[in-house]
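Coordinate inspection notes
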Amino acid sequence: MNLIVAVDENWAIGNGNNLLVRIPKDHKMFREETTGKVVVLGRKTLETFPQGQPLKNRTNIILTKDPSYTVKDAVMAHSIPELLEILKDYKKEDVYIIGGESVYRQMLPYCDVAHVTKIDHAYDADAYFPNLDEDEEWEVTDYGEEETYFDLEYRFMKYERKK
């Protein structure tokens, strides 16, 4: 299973239920990586999308504790065991965890690949991703070229769980 995330230099991912920054090339990479695949996200993350609608051309699975919460064109899961049961119907390599913080933390143990956009800046933040550089179970397997968006430097990185 994969996860995909953009982090700042402190592994922050959001503030006030919003992304820290919007980098067009990061969004393009996200689209290319996840289109036609399965994305798993929390209710709060879904609510930050345009009109709170699921992502097009993907199977959207929403993790929420609220048993009455429903979204058109999305599958609901109300617990991690229920989510894992639903995910058995899909190839592991086609599943992407896309946030937010609590979903990433709960699903990290089940993931083997992390696609991380590392942004060379520190933002004010209230949501964080676990620091994979400090986690001995993970290693960098692809270190992209440094890219620039206005005055912001970032790179696409791939981490894999050590076998």
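What counts and what doesn't
- Residues numbered from 1 in each chain as written.
- Predicted model: local features only at pLDDT ≥ 70, side-chain atom pairs only at ≥ 80, totals over all residues.
- Heavy atoms only, no water.
- Core = buried A, V, L, I, M, F, W, Y, C linked by side-chain atoms within 4.5 Å.
- Buried < 20%, exposed > 50% of the residue type's maximum accessible area, 1.4 Å probe, protein only.
- Helix = DSSP H or I, 4+ residues; strand = E, 2+ residues; numbered from the N terminus.
- Contact = heavy atoms within 4.5 Å.
- Salt bridge = Lys/Arg side-chain N within 4 Å of Asp/Glu carboxyl O.

Things to note about the nonpolar core
Core analysis: the largest hydrophobic core is formed by 30 residues, its most contacted members being Leu3, Leu87, Ile97, Phe129 and Leu132. Here the element with the most residues in this core is helix 3 (residues 80-87); it accounts for 4 residues. Beyond its immediate sequence surroundings of up to four residues, isoleucine 97 is in contact with Met1, Asn2, Leu3, Ile4, Val40, Val103, Tyr104, Met107 and Cys111. Ile4, Phe30, Leu41 and Phe49 belong to the second-largest nonpolar core, a separate cluster that totals 14 residues.

Notes on the pattern of salt bridges
For the structure on display, the rule yields 11 salt bridges. Here glutamate 47 ties to arginine 43 by a salt bridge, and the two come within 3.2 Å at their closest N and O atoms. Of this pair, glutamate 47 and arginine 43 both sit in helix 2 (residues 43-47), 4 residues apart, which is roughly one turn of the helix. Look at the salt bridges and you will find they share partners, linking Lys92, Asp112, Glu137 and Arg161 into a network.

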